[in-house]
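# Chains, contacts and geometry: an overview
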Amino acid sequence: MKAKKLTLLGAISATLLLTACQGNSTNQDTQGNNAQQDLELSSSAAISTMEPSQAGDTTSTLAMSQVFEGLYVLGPDDELQLGVAAEEPEISEDETVYTFTLRDDAEWSDGTPVTADDFVFAFQKITDPKYAAPNADVLFDVVKNAREINLEDGDIDTLGVKAIDDKTLEFTLERPVPYFKSLLAYPVLYPQNKEYVENQGKKYATDSDHLIYNGPFKLSDWSASGDDWGYEKNESYWDKDEVKLDKANVTVVKTPSTAINLYTTDALDMIDKLSSEYIPTYKDDPSFESVEQFTTFFLKMNSERDGKKNALDNENIRKGIAQAFDKESFVKNILQDDSNPTDHLIPKGQTKAPDGTEVADERNDYLSYDPEKAKEAWEKGKEELGVDKVELGFLTDDTEEAKKNAEFFQYELQDNLPGLEITVEQVPFTVRVDRDSNKEYDLELAGWGTDYRDPLTVMRIFMSSSDLGGVTYSNEDYDKLIQDTREDHAADKEARFDDFVEAQDILINQDAVIAPIYNRSLSTLVNPSVKDLHWHAYGPSYSLKWAYKE
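Here the residue numbers are simple positions, counted from 1 along each chain's written sequence. Reporting in this predicted model follows two pLDDT cut-offs: at least 70 for local features of residues, and 80 or more for side-chain atom pairs to be given and counted; totals over whole chains, interfaces and linings ignore these cut-offs and use all residues. Calculation of side-chain values draws on the structure's entire complement of heavy atoms; hydrogens and water are dropped beforehand.

### So, the overall build of the protein
On a plain count of helices and strands, the protein comes out with 15 helices and 23 strands. Atoms counted for the radius of gyration: C-alpha only. Globule rule: 2.2 Å times residue count to the power 0.38. Relative to the globule expectation of 24 Å for 550 residues, the C-alpha radius of gyration of the protein, 23 Å, shows essentially globular dimensions. Based on the C-alpha atoms only, the size of the protein along its principal axes is roughly 70 × 55 × 45 Å. Here the protein, with 550 residues, has 62% of them falling under the buried criterion. Any two residues whose heavy atoms approach within 4.5 Å are treated as being in contact. When contacts within the protein are restricted to residue pairs at least 6 apart in sequence, those whose partners lie at least 24 apart make up 71%. All accessible areas in this document rest on Shrake-Rupley with a 1.4 Å probe, and a residue is counted as covered only by the protein chains that are shown. By element, 42% of the accessible surface of the protein is carried by carbon and sulfur atoms, the whole surface being about 21400 Å². Charge counting treats Lys and Arg as positive and Asp and Glu as negative, with His and both chain ends excluded. Where a charge sits is defined by one atom per residue type, namely NZ (Lys), CZ (Arg), CG (Asp) or CD (Glu). For the protein, the separation between the mean place of its 54 positive charges and that of its 108 negative charges on side chains is 3 Å. In this text, helices come from DSSP runs of H or I with a minimum length of four residues, and strands from runs of E with a minimum of two, each type numbered from the N-terminal end. Only protein chains enter the accessibility calculation, which uses a 1.4 Å probe. A residue is then buried if its area is under 20% of the maximum for its type, exposed if over 50%, and partly exposed in between.

### Some points on the environment of Gln66
Along the polypeptide, Gln66 turns up in helix 1 (residues 58-67). Aside from chain neighbours lying at most four places away, what touches Gln66 is Gly215, Pro216, Phe217, Tyr231, Tyr542, Ser543 and Leu544. Distance and chemistry together define a polar contact, namely a pair of N or O atoms within 3.5 Å, with one atom able to donate a hydrogen and the other to accept it when in protein, and with adjacent residues in sequence counting only for side-chain atoms on both sides. Here the side chain of Gln66 touches Leu62 through a polar contact of 3.3 Å, landing on its backbone oxygen.

### Looking at the packing of aromatic side chains
Here a Phe, Tyr or Trp ring, Trp counted by its six-membered ring, pairs with any other such ring whose centre lies within 6.5 Å, and the pair is stacked when the planes are under 30 degrees apart, edge-to-face when over 60, and tilted otherwise. One pass over the structure, following the stated rule, counts 23 aromatic pairs. An angle of 65° between the planes, with centres 4.9 Å apart, marks the rings of Tyr98 and Phe180 as edge-to-face. You can see Tyr98 sitting in strand 5 (residues 97-101) and its partner Phe180 sitting in helix 4 (residues 180-183), a full 82 residues away along the chain. On the accessibility criterion, Tyr98 (7% relative accessible area) is buried. Here the guanidinium or amino end of Arg103 rests over the ring plane of Trp238, the centre of that ring lying 3.5 Å away. Charge-over-ring placement is defined geometrically: NZ (Lys) or CZ (Arg) within 6 Å of the ring centre, and within 35 degrees of the ring normal.

### With respect to the layout of surface pockets
We place a 1 Å grid over just the protein atoms. Points where a 1.4 Å probe fits but has no way out form a cavity, open points with protein on both sides within 12 Å along at least 5 of 7 lines form a pocket, and any residue with an atom within 4 Å of a point lines it. Grid points are joined across faces, edges and corners, and a volume is the space filled by probe spheres set on the points. As a volume, the largest pocket reaches approximately 880 Å³. Forming the boundary of the largest pocket are 42 residues, of which Gly56, Pro134, Ser437, Trp448 and Leu468 lie nearest the centre. Of all the elements, helix 12 (residues 429-437) adds the most residues to the lining of the largest pocket, at six residues. Polar here means any residue outside two lists: the nonpolar Ala, Val, Leu, Ile, Met, Phe, Trp, Tyr, Cys and Pro, and the charged Asp, Glu, Lys and Arg; Gly therefore counts as polar. For the lining of the largest pocket, a count of residues per class yields 17 nonpolar, 16 polar and nine charged.

### A word on helix 6 (residues 256-264)
Residues three or four positions apart in an α-helix share a direction because the helix packs 3.6 residues into each turn. Of the residues making up helix 6, those classed as buried are Pro256, Ala259, Ile260, Leu262 and Tyr263. Along the axis of helix 6, the buried residues cluster in a sector spanning 165°; they form a single face. Buried residues along helix 6 sit against strand 11 (270-271), helix 7 (279-282), helix 11 (400-416) and strand 19 (514-526). Positive backbone phi, at 65°, marks Asp266, one or two positions downstream of helix 6. Each direction from the helix axis to a C-beta atom contributes to the arc, which is the arc of those directions.

### With respect to the packing of helix 9 (residues 327-335) against helix 11
Between helix 9 and helix 11, the shortest axis-to-axis distance is 11 Å and the interhelical angle comes to 145°. Crossing angle aside, the handedness with which helix 9 passes helix 11 is right-handed. Side by side, helix 9 and helix 11 meet where Ser329, Phe330 and Ile334 of the first sit next to Lys404, Asn405, Phe408 and Phe409 of the second. An axis is simply a line fitted to the C-alpha atoms; with a helix, the fit covers only the stretch in contact. Between two such axes, the angle follows the N-to-C directions and lies from 0 to 180 degrees. Each crossing gets its handedness from the near helix: less than a right angle anticlockwise from the far helix is left-handed, clockwise is right-handed.

### Observations regarding the nonpolar core
Residues belong to one nonpolar core when they are buried, are Ala, Val, Leu, Ile, Met, Phe, Trp, Tyr or Cys, and are joined through side-chain atoms within 4.5 Å. In this structure, Met50, Leu71, Phe171, Tyr231, Phe462, Tyr478 and Leu544 are the most contacted members of the largest nonpolar core, which totals 108 residues. Not counting residues within four places of it along the chain, the set of residues in contact with Phe171 comprises Leu71, Thr96, Val97, Tyr98, Phe100, Phe123, Gly160, Val161, Phe180 and Leu184. With 33 residues, the next largest nonpolar core counts Leu299, Leu367, Leu392 and Leu413 among its residues.

### Structural notes on the confidence of the model for the protein
Confidence scores per residue from the predictor, reported as pLDDT, run from 0 to 100. Across the protein, the average pLDDT comes to 91, with 93% of residues at 70 or higher. Confidence drops under pLDDT 50 across residues 1-31; counting only partners more than four residues distant or on other chains, this segment forms 128 contacts.

### A closer look at the sheet that holds strand 5
A strand pair is defined by DSSP finding two or more bridges across the two strands. Spatial ordering of the open sheet is given by 4-5-7-6, a layout of four strands whose pairing is antiparallel. The open sheet has two edge strands, strand 4 (90-91) and strand 6 (161-165), and neither has a second partner. Two strands pair when backbone bridges link them, and strand 4 and strand 5 are joined in this way by two bridges, in the antiparallel orientation. Within strand 5, the position partnered with Ile91 by the bridge is Tyr98. Taken strand by strand, helix 2 (residues 116-127) contacts strand 6 and strand 7 (168-172), and its axis lies near 165° from that of strand 6.

### Thoughts on unusual backbone geometry
In this structure, Ala132 is a non-glycine residue whose phi angle is positive, near 50°. Turning to its location among the elements, Ala132 is positioned in the loop between helix 2 and helix 3 (146-152). Despite not being glycine, Asp153 has its phi angle at roughly 55°, a positive value. Inspection of the secondary structure assignment puts Asp153 in the loop between helix 3 and strand 6. Taking the relative accessible area as the measure of exposure, Asp153 reaches 65% and is therefore exposed.

### Details of the environment of Leu445
Looking at where Leu445 falls in the secondary structure, it is placed in strand 18 (residues 443-449). Using a relative accessible area of 14% as the deciding quantity, one classes Leu445 as buried. With 79 residues separating them in the primary sequence, Leu445 and Thr524 have C-alpha atoms 21 Å apart. Those residues within four positions of Leu445 in sequence are excluded, and the remaining contacts are Phe297, Phe298, Leu299, Phe394, Leu395, Asn405, Phe409, Arg432 and Ile517.

### Concerning the pairing of strand 9 (residues 229-233)
Bridge analysis of strand 8 (residues 217-220) against strand 9 gives four bridges, and the strand direction is antiparallel. Across the sheet, residue Ser220 finds its bridge partner in strand 9, namely Gly230. Here four bridges tie strand 9 to strand 10 (residues 247-252), and the two strands are oriented antiparallel to one another. The partner of Tyr231 across the bridge, within strand 10, is Ala248.

### Section: the pattern of salt bridges
Pairs can form between side chains of opposite charge whenever their charged atoms are close. Whenever a carboxyl oxygen of Asp or Glu lies within 4 Å of a side-chain nitrogen of Lys or Arg, that contact is scored as a salt bridge. The final tally for this structure, using the stated rule, is 29 salt bridges. The salt bridge involving Glu88 is made with Lys181; its shortest N-O contact spans 2.9 Å. Here the residue Glu88 occupies a position in the loop between strand 3 (80-82) and strand 4, and Lys181 occupies one in helix 4, the gap between them amounting to 93 residues. For Lys181, a relative accessible area of 27% gives the class partly exposed.

### Brief notes about empty space enclosed by the protein
Following the criterion strictly, the structure yields eight cavities of 30 Å³ or more and no others. Considered as a void within the structure, the largest cavity measures approximately 210 Å³ in volume. Every residue lining the largest cavity is counted, 21 residues in all, and those nearest its centre are Ser65, Val73, Leu74, Tyr190 and Ser543. Sorting the residues of the lining of the largest cavity by element identifies helix 1 and strand 2 (72-74) as the ones contributing at least two each. A per-element tally of the lining of the largest cavity places strand 2 first, with three residues. A breakdown of the residues in the lining of the largest cavity according to their chemical character gives twelve nonpolar, six polar and three charged.

Shown next, in the form of structure tokens:
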């Protein structure tokens, strides 16, 4: 298989969105450089799918961003750069029609050209209800007729995405959408070659041999049932001269000590997530990086499991839990990194309101750590339920770090809430993703990162119509507020941001379906000989396109 194959299996429990960059590169960087242009990288989780329309986790979209390319890509400084688009689009006066010209030299790895029809097919695939795409709603009230097609079985040919000719692509929007270009860099909207997909049938995207690629790299040594994979330079890529790496091997590492041993013996060039117990040791090391990201981690409280209501169906039980753990202690003593405790869902720094303030402001009286109020709400909830004891499961991944995290909450909650008994349930990452999707859990530590620069990227997942939140929840007032940001207030920035703040209050403080914990700052180790491996604040965790080894 791989020349330096690392026989490690597993997945680490957190979604990763990393930031930081290490300067600009030019083709001259590797002139006279005799270093072998291969990298060995760790991953915190396995790829769950390589079918863009079915992607719902950041490991999969990270891999897709290395091997596929949309109209835009994220550049070294998180700026949007042209990808398959040859130039910036022509935009109609009312800002509802975008016309793109595609690059003449954009090709798939089998030599066929990337065409406008490839984008039409991809957008139709994520919209058509027969494919049950988890992110179909990203196009609702954005692309013309997307909502009606997906929810009301409308005619797929009426979708506002049209191929004028092979190299001219036209989008018709429902209304002006300020984040539309950012959305076009989202991996779930990458093009797909219809003829190839249909010829592959059920084998499509089941392994690296049943895919074609239009990005900087090609996937290798991957199957849907495996953990590890590789990237090989794609010689058909239009910008291949910018790609310096020949290949990169990725191994899922489950045990923190194993990752350190591999790194210190030069078997790994990068640890994508440094475990908390090693941060004090490596914090002053030249290879250490602390990386801020626009992502929020929170405790999810699922009130219905296997069709049966549980104690979390009671509002006071949820409010008791939301106020019964010390998030500052969790960050300081468990994570031991530069993450920041938060009472908000919208990540700090992601979006500014029209007056320059954070969307994640203090206008609401947010639930936070308060053992006395927690116990008061808890006892009231038990009284309403007529019980003295509550038993709940805490779903997490099968890694040492995930266990440590879960045990912190187990102790804090049991210590502050009399009569509560929590059982930690450890499962492989892909199993947890499946159970989360099917709402087969009680409590779960989860996170959501920014896919595009707008609060909607995370607020939408808790709407009644979305399955992405992975939690039993439905509130008409919340739904209306989020829908207003897409429709009635889409052009009114101030009203739109007020909607987000009010919706956040309902979700977190009134209904207490989730309890925010922290905005993440990830600790990572990167061999100093690795240059221009650029990390991103949102979207895919990093880009290998410009990376090279000295």
